[in-house]
Amino acid sequence: MSLNIMADYILGIESSCDDTSAAVIRDGYLLSNVIASQQVHKDFGGVVPELASRAHEKNIVPVVSQALDKAGIKASDLTAIAFTRGPGLLGSLLVGTSFAKALGIALDIPVIMVNHLQGHILAGFVKQEGKENRQPSFPYLCLLVSGGNSQIVKVNGPLDFEILGQTIDDAVGEAFDKCSKMMGLGYPGGPVIDRLAKEGDPDRFVFAKPQIPGLDYSFSGVKTSLLYFVRDEMAKDPDFLEKNKEDICASFQKTLIDILMSKLVKAARITGIKDITIGGGVSANSGLRSRVEAEGRKRGWNTFLPEFKFTTDNAAMIAVAGWFRYLAGERTPLDVAPVSRIADY
Ligand code: KG4
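Conventions we followed
- The residue count restarts for each chain, going from 1 along the sequence in the order it is written.
- Owing to the predicted nature of the model, reporting of local features is limited to residues with pLDDT of at least 70; listing and counting of side-chain atom pairs is limited to 80 or more, with chain, interface and lining totals taken over all residues.
- Derived side-chain values reflect all non-hydrogen atoms in the structure, with water molecules and hydrogen atoms excluded from consideration.
- Domain boundaries shown here were taken from an automatic or database domain assignment.
- Pairs of residues are marked as contacts when any of their non-hydrogen atoms sit within 4.5 Å.
- Buried area, as used here, totals the accessible surface that two parts lose on assembly, with accessibility defined by a 1.4 Å probe and the loss added over both.
- Within this document, salt bridges are pairs made up of a side-chain nitrogen of Lys or Arg and a carboxyl oxygen of Asp or Glu, the two lying within 4 Å of each other.
- In protein, a polar contact means a hydrogen-donor-capable atom and an acceptor-capable atom, both N or O and within 3.5 Å, with residues adjacent in sequence counting only if both atoms are side-chain atoms; elsewhere, any N or O pair within 3.5 Å suffices.
- Numbering of helices and strands runs from the N terminus; a helix is a DSSP stretch of H or I covering at least four residues, while a strand is a stretch of E covering at least two.
- Each residue's exposure class comes from its accessible area (1.4 Å probe, protein chains only) as a fraction of the maximum for that residue type: buried when under 20%, exposed when over 50%, partly exposed otherwise.
- Any two strands are treated as partners once DSSP identifies two or more bridges connecting them.
- Lines fitted to C-alpha atoms define the axes, with helix axes restricted to the stretch in contact, and inter-axis angles between N-to-C directions lie between 0 and 180 degrees.
- Near is defined per residue: the residue qualifies when any heavy atom it owns lies within 4 Å of the molecule or strand.
- Polar here means any residue outside two lists: the nonpolar Ala, Val, Leu, Ile, Met, Phe, Trp, Tyr, Cys and Pro, and the charged Asp, Glu, Lys and Arg; Gly therefore counts as polar.

Glancing now at the domain arrangement of the protein chain. Domains assigned within the protein chain are domain 1 (9-132 + 310-327) and domain 2 (140-309). Distance between the C-alpha centres of domain 1 and domain 2: 27 Å. Of the residues lining the interface, 17 residues belong to domain 1; the matching set on domain 2 comes to 22 residues. Roughly 1800 Å² is buried in total at the junction of domain 1 and domain 2, and carbon and sulfur atoms are behind 62% of that figure. Counting the surface domain 1 buries against domain 2, the share from its top three residues, Ile121, Phe310 and Thr311, is 37%. For the pair domain 1 and domain 2, the interface holds 1 salt bridge. Joining domain 1 to domain 2, the criterion identifies 9 residue pairs in polar contact (both at pLDDT 80 or more). Looking at the side of domain 1 that touches domain 2, the elements with two or more residues in it are helix H3 (116-122) and helix H9 (315-327).

Structure below.
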């Protein structure tokens, strides 16, 4: 293979939670994106941090080797290494961070730390050969919805983010996961509820919606509302859940989407911004995706929905976010340590 010596080859490394991922991009174009998802957590109803760290340690070398092989390049062709510094599970982040730094030293190339959430927000900038590669214009709004976050972010540029609103308690993904667990439907809850909701009536049951000022969110009340509703109905009919789970899921999902959309619409109106993206694990939700598109058609938005493979944790989004930082001249000192929480961008 003949390489263009002027091209930037960025290796991305993602290990913030339970996916070990490595990706290579060339000048923003995706060459490979390898993801090893950990199955060890399935029986525990959630991610077990200690098991996640161990699995990352086992996976990281083969995953990176595979990403380089699939990209058709050697490690020595790399220009820089972008890695997730946080937020996430500290033990998991340590694996990716230490690996990135060690490889950077070995190859004598820069390493660039990336905020995981910025990766989700910029995922739409990963270009793919043979695809249309539509991209939002700055400034745009991103509805960032995952297991740990629910935010509306104004993206002024690839390095300039402003949080307009965020959850004051649970993240929306947590509401999906906790309610699924409570109904005995399994983990992670989002995909299960999404699937059952397709078979149910979204207007059959009504759950409490929060009254939070401004652009902030709250999801703990709706979770409690579902919990009490199911408990009361089960006291009358022990088979209530089994007989009605499709309608419960459809109604619950609709409530969550209504809450998300009301603030997104408000943010778009206040800022006058019409380029709207979504990101994070919950952006895979089929109901949310169709509502964003429907609102977009109604309001003249340009909507950008991530491909499913970029909704979950992946290193391609880390590579592209790192590439922007590389182009801006950022280099990360080698004494950097991962952080489990990052309050701002
Ligand atoms: O961004 P992500 O992969 O990881 C972190 O939060 O770190 O998001 C995971 C979340 C989980 O809460 C999961 O239930 C949710 O994304 N999720 C979904 C769907 N697929 C994943 N939620 C709703 N509908 C889905 N189809």
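Next, the rest of the story.
With that settled, consider the pattern of salt bridges. Counting across every chain of the model gives 19 salt bridges. With its nearest N and O atoms 3.5 Å apart, the salt bridge here joins Asp203 to Lys254. One end of the pair, Asp203, is in the loop between helix H5 (189-197) and helix H6 (220-236); the other, Lys254, is in helix H7 (residues 240-271), and 51 residues separate them in sequence. Owing to a relative accessible area of 30%, Lys254 belongs among the partly exposed residues under this scheme. The shortest N-O distance in the salt bridge between Arg299 and Glu295 comes to 2.6 Å. Of the two residues, Arg299 and Glu295 are both situated in helix H8 (residues 286-299); the distance of 4 residues between them amounts to about one turn of the helix. Overall, Arg299 belongs to the partly exposed group, its relative accessible area being 35%.

As a further point, take the sheet that holds strand E5 (residues 111-115). Taken together, the 5 strands give an open sheet; going across it, the order is E3-E2-E1-E4-E5, and neighbouring strands pair in mixed fashion. Each edge of the open sheet is held by one strand with a lone partner, namely strand E3 (29-37) and E5. Pairs of neighbouring strands in the sheet enclose a mean axial angle of 20°, with direction left out of account. As paired elements, strand E1 (residues 9-14) and strand E2 (residues 19-26) share 6 bridges and run antiparallel to each other. Looking across to E2, one finds that Tyr9 is bridged to Arg26. Each of E1, E2 and E3 is contacted by helix H1 (residues 49-71), which is oriented at about 25° to E2, the strand it contacts most.

This part covers the site of the ligand. Taken together, the neighbourhood of the ligand is formed by 18 residues, with Gly147, Asp177, Asp194, Gly281 and Asn285 sitting nearest. Take Ser146: an N or O atom from its side chain is 3.5 Å from an oxygen atom of the ligand. The greatest single-element share of the shell around the ligand, amounting to 4 residues, is contributed by H5. Split by residue class, the shell around the ligand holds 5 nonpolar, 10 polar and 3 charged.

Moving on: the side chain of Asn314. Looking at the element boundaries, Asn314 is found in the loop between strand E10 (302-304) and H9. A distance of 2.9 Å separates the side chain of Asn314 from the backbone oxygen of Thr312, its partner in a polar contact. There is a polar contact of 3.1 Å between the side chain of Asn314 and the backbone nitrogen of Ala316.

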